[in-house]
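# Topology and contacts: notes
What follows is the residue order along each chain.
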Amino acid sequence: MTSVPADLALLTTEEMGRADRLTIDGGIPGTTLMENAGRAVADAILARYPAQATLVLCGPGNNGGDGWVVARRLKQAGFDVACSALAPVAALRGDAAVMAARWNGPVLPFEPAALDGRTLIVDALFGAGLARDLDSAVLRMIEAVGEGRRVVAVDLPSGVNGDDGTIRGGAFTADLSVTFFRAKPGHLLYPGRARTGQLVVADIGISPSVLESIDPKAARNGPALFARHFPVLRQDGHKYDRGHTVTLSGGALHTGAARLAARAALRIGSGLVSTIGDAEAARVIAAHQTAVMVAEVDGPAGLALFLSDRRRNAAVIGPAAGVGDTTFAHCRMALAAGCACVFDADALTSAAGRADILWRERTADLVLTPHDGEFARLFPQLSGLPSRAARAVAAAKESGAVVVLKGADCCIAAPDGRIAINDNAPPTLATAGSGDVLAGMIGGLLAQHMPAFEAAAAAVWLHGAAAEGFGRGLIAEDLVERLPIALQIAENHLRGRGQAG
Ligand SMILES: NC(=O)C1=CN([C@@H]2O[C@H](COP(=O)(O)OP(=O)(O)OC[C@H]3O[C@@H](n4cnc5c(N)ncnc54)[C@H](O)[C@@H]3O)[C@@H](O)[C@H]2O)[C@@H](O)CC1
Ligand SMILES: Nc1ncnc2c1ncn2[C@@H]1O[C@H](COP(=O)(O)OP(=O)(O)O)[C@@H](O)[C@H]1O
Ligand SMILES: [K+]
């Protein structure tokens, strides 16, 4: 068993190097892997684009080695192909030298003039071995390629750091990237994701069994990541089996966020849901809610009393709660009550500068759902880390909580180092209240006893699935009403893979 499902694993460049070495040590020659890699790229091109004048840019390492194979295969398929090598061909070593020697077409100087008349560019300059910023010769080539030509990247667009999606000085913008065995975090994390284009993951003969010893910690988020832990509906079950989620409202003029979270918790399957607030807020909430229960709860002491009923086993605190000592005290009371907690929005801002108190007082599962601004306030000392993924993992380790760093490439990190990177969320999710819905969904899954990392991953994926296909005009309320569709999509997804139930 690996820490993350083998199918969804994402490999760092170092882990991918280990996968290659284990395979070669197991008896498959490096040249076979390289042939398979180059053929996979050529096949992906042949499946998509008509024959056209093509330039393959070959780098000094094995990424370049793949490039020579792509050139040969495309030429065999009838393309007019030339190569352009960054390093002298005579200086190539190992498998790359073998493949360069098998190329019997033109090799042009590495200059923008090589692009003349060529409409398809294969970028085989650097992949997993990118070790420093691109130099000026490569940057000039990227600029000369411009936007009028189609770029296909071998493994990664050169310049994208495979480990974290950062850009080293500059990078190609590919229409298509063909990577091997498993994708890398840099394919899914921005800005690398925007440079990757369509991503194809090709089988080149590396056995998934190598993952056992590599034990990757990163995964692409998807139903297979959380299916095993998703709440099962028992035929003879009743609502009390499915937990009771409590969402805490702001004042009378700020009840909407907690109401959205509550309805999302109910839709995701929490057996009971209550929205609570002070006397004035409770009356506003009562005018809106039907299936969601309402209770008047005054201040931190009232919250402590309300949560002392252990059947109320999950709390969502923060959406439109107001920033300050009262919200911070509400967080502490919820932790003290021992229920699973989601701290979102104002709860996170209220904890800035004193969050260590919460980390010390955490007794049960805790999920934090900051966007970048809230994250910077809560974890200022981590802002220097190079990527959102690295920041999320460091914050989870520091807090002992599961951290959902929201955004287009939402990162879900666990204190044990696991991280899921989400890629199904459309930009229509950037709308007021969509974060409140997400917090409620996580709360509703925690109430149903789902472990925190899987609950957060499931909620993020279902949130994306609920928005997908709706198009413009999506508002947070729509997300809640589309949750049954999203749940159905997840179920179909698993059934298609033979993993239902
Ligand atoms: N046997 C294997 O290990 C396999 C590797 N494969 C390919 O091999 C690639 C990795 O190969 P390598 O580890 O040789 O690494 P790369 O070919 O990605 O790059 C390493 C080379 O580029 C140079 N370099 C790095 N950054 C540079 C920069 N900014 N400017 C100028 N030069 C720079 C290094 O000095 C080294 O010569 C993968 O991305 C994949 O395309 C595939 O062929 C599958 C099998
Ligand atoms: N460009 C985007 N693409 C996909 N998802 C996004 C994008 N921008 C934001 N999101 C998602 O939308 C939600 C917004 O949450 P948040 O910032 O808390 O908004 P609010 O406070 O208005 O509810 C998060 O789940 C986030 O991951
Ligand atoms: K490349």
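In this text the structure is predicted, and so the values were computed from the model without any measurement. (Residues numbered from 1 in each chain as written. Chains lettered and ligands numbered in written order. Predicted model: local features only at pLDDT ≥ 70, side-chain atom pairs only at ≥ 80, totals over all residues. Heavy atoms only, no water.)

Right, let's get into the sheet that holds strand E12 (residues 293-296). Through backbone hydrogen bonds, the strands of a sheet pair up, either in parallel or in antiparallel fashion. Taken in spatial order, the 11 strands make up an open sheet running E1-E9-E18-E17-E16-E15-E14-E13-E10-E11-E12, and their pairing is mixed. Two strands bound the open sheet, and with one partner strand each, they are strand E1 (9-10) and E12. Sheet analysis places strand E15 (residues 366-369) next to strand E16 (residues 402-405), joined by two bridges and oriented parallel. The residue bridging Val 367 from the neighbouring strand is Val 402, located in E16. (Pairing = 2+ DSSP bridges. Helix = DSSP H or I, 4+ residues; strand = E, 2+ residues; numbered from the N terminus.)

Distances from the potassium ion (ligand 3) to its protein donors, Asn 63 (OD1), Asp 123 (O), Phe 126 (O), Val 154 (O) and Leu 156 (O), fall at 2.5 to 3.0 Å. When the donor residues of the potassium ion (ligand 3) are listed from N- to C-terminus, their spacing reads N-x59-D-x2-F-x27-V-x1-L. In this pair, Asp 123 is assigned in strand E5 (residues 120-124) and Leu 156 in the loop between strand E6 (150-154) and strand E7 (176-180), connecting sequence segments 33 residues apart. The two residues Asp 123 and Leu 156 agree in class, both being buried. (Donors = N, O, S within 2.8 Å, 3.2 Å for Na, K, Ca; no water. Buried < 20%, exposed > 50% of the residue type's maximum accessible area, 1.4 Å probe, protein only.)

Turning our attention to the domain arrangement of the chain. Structurally, the chain comprises domain 1 (6-218) and domain 2 (242-496). One C-alpha centre belongs to domain 1, the other to domain 2; they are set 40 Å apart. Taken together, the contact between domain 1 and domain 2 spans 10 residues of the former and 13 residues of the latter. For the pairing of domain 1 and domain 2, the buried interface totals around 900 Å² over both sides, and the portion due to carbon and sulfur atoms is 65%. Of all residues in domain 1, the largest losses of buried area upon contact with domain 2 belong to Leu 189, Arg 193 and Lys 217, amounting jointly to 49% of the total for that side. Across the contact surface, domain 1 and domain 2 share zero salt bridges. (Domains from an automatic or database assignment. Contact = heavy atoms within 4.5 Å. Buried area = accessible area lost by both parts, 1.4 Å probe. Salt bridge = Lys/Arg side-chain N within 4 Å of Asp/Glu carboxyl O.)

With that settled, the discussion passes to the pattern of salt bridges. Inspection of every chain in the model, using the stated rule, returns 24 salt bridges. Between Arg 150 and Asp 175 there is a salt bridge, with the nearest N and O atoms lying 3.3 Å from each other. Within this pair, whereas Arg 150 is found in strand E6, its partner Asp 175 is found in the loop between E6 and E7, the two being separated by 25 residues in sequence. Note that Arg 354 is salt-bridged to Asp 325, the shortest N-O span being 2.9 Å. Of this pair, Arg 354 sits in the loop between helix H14 (345-350) and helix H15 (355-361) while Asp 325 sits in helix H13 (residues 325-337), and the two are 29 residues apart along the sequence.

Cross-referencing UniProt, the feature "domain: YjeF N-terminal" (unreviewed entry) maps to residues 16-212 in the present numbering. Along residues 16-212, the helical share is 38% and the strand share 16%, with 13 Å between the first and last C-alpha atoms. (UniProt positions renumbered as here; feature names shortened; annotations may be inferred.)

It is worth spelling out unusual backbone geometry at this point. Note that the residue after Tyr 190, namely Pro 191, is joined by a cis bond; omega there is 5 degrees. Positionally, Pro 191 belongs in the loop between helix H6 (185-188) and helix H7 (192-196). For Asp 215, which is not a glycine, the phi torsion comes out positive at approximately 45 degrees. Relative to the elements of secondary structure, Asp 215 occurs in the loop between helix H8 (210-214) and strand E9 (218-220). Under the relative-accessibility criterion, Asp 215 is labelled partly exposed at 24%. In this structure, Ala 320 is a non-glycine residue whose phi angle is positive, near 50 degrees. With respect to the secondary-structure elements, Ala 320 resides in the loop between strand E13 (312-317) and H13.

Judged by pairing direction, the sheet is parallel, and its seven strands sit side by side in the order E4-E3-E2-E5-E6-E7-E8 without closing on themselves. Unpaired on one side and paired on the other, strand E4 (107-108) and strand E8 (198-202) mark the two borders of the sheet. Direction of pairing for strand E2 (residues 54-58) relative to strand E3 (residues 81-85): parallel, over a ladder of five bridges. Paired with Leu 55 across the two strands is Ala 82, which belongs to E3.

A word on the environment of Gly 433. Mapped onto the elements, Gly 433 comes out in the loop between strand E18 (419-421) and helix H18 (434-447). By relative accessible area, which is 17% here, Gly 433 ends up buried. It is 9.8 Å that separates the C-alpha atoms of Gly 433 and Leu 479, two residues lying 46 residues apart in sequence. The residues touching Gly 433, leaving out its near neighbours within four places in the chain, are Leu 260 and Ala 476.

Tracing the sequence through the fold places Ala 6 in the segment before E1. The exposure class assigned to Ala 6 is partly exposed, which follows from its relative accessible area of 28%. Linking Ala 6 and Ala 414, residues 408 residues apart in sequence, is a C-alpha distance of 18 Å. Excluding residues that lie within four positions of it along the chain, Ala 6 makes contacts with Arg 182 and Leu 211.

As a structural note, the neighbourhood of ligand 2 is formed by 17 residues, with Lys 406, Gly 407, Gly 433, Ser 434 and Gly 435 the closest of them. Between ligand 2 and Gly 435, the relevant distance is 2.6 Å, taken from an oxygen atom to a main-chain nitrogen or oxygen of the residue. Between ligand 2 and Asp 436, the relevant distance is 3.4 Å, taken from an oxygen atom to a main-chain nitrogen or oxygen of the residue. Among the elements that line the shell around ligand 2, the one with the most residues is H18, at four residues. Grouping the constituent residues of the shell around ligand 2 by class yields eight nonpolar, seven polar and two charged. (Near = heavy atom within 4 Å. Polar contact = N/O pair within 3.5 Å; in protein donor to acceptor, adjacent residues only side chain to side chain. Nonpolar A, V, L, I, M, F, W, Y, C, P; charged D, E, K, R; others polar.)

On to the site of ligand 1, then. Close to ligand 1 lie 22 residues, the nearest being Asp 20, Asp 66, Gly 127, Arg 132 and Asp 155. Between ligand 1 and Asp 66, the relevant distance is 2.4 Å, taken from an oxygen atom to a side-chain nitrogen or oxygen of the residue. Backbone polar atom of Ala 128 to an oxygen atom of ligand 1: 2.9 Å apart, as the coordinates give it. Burial of ligand 1 by the protein chains amounts to 80% of its free accessible area of 870 Å². (Areas by Shrake-Rupley, 256 points an atom, 1.4 Å probe, with all protein chains shown as cover.)

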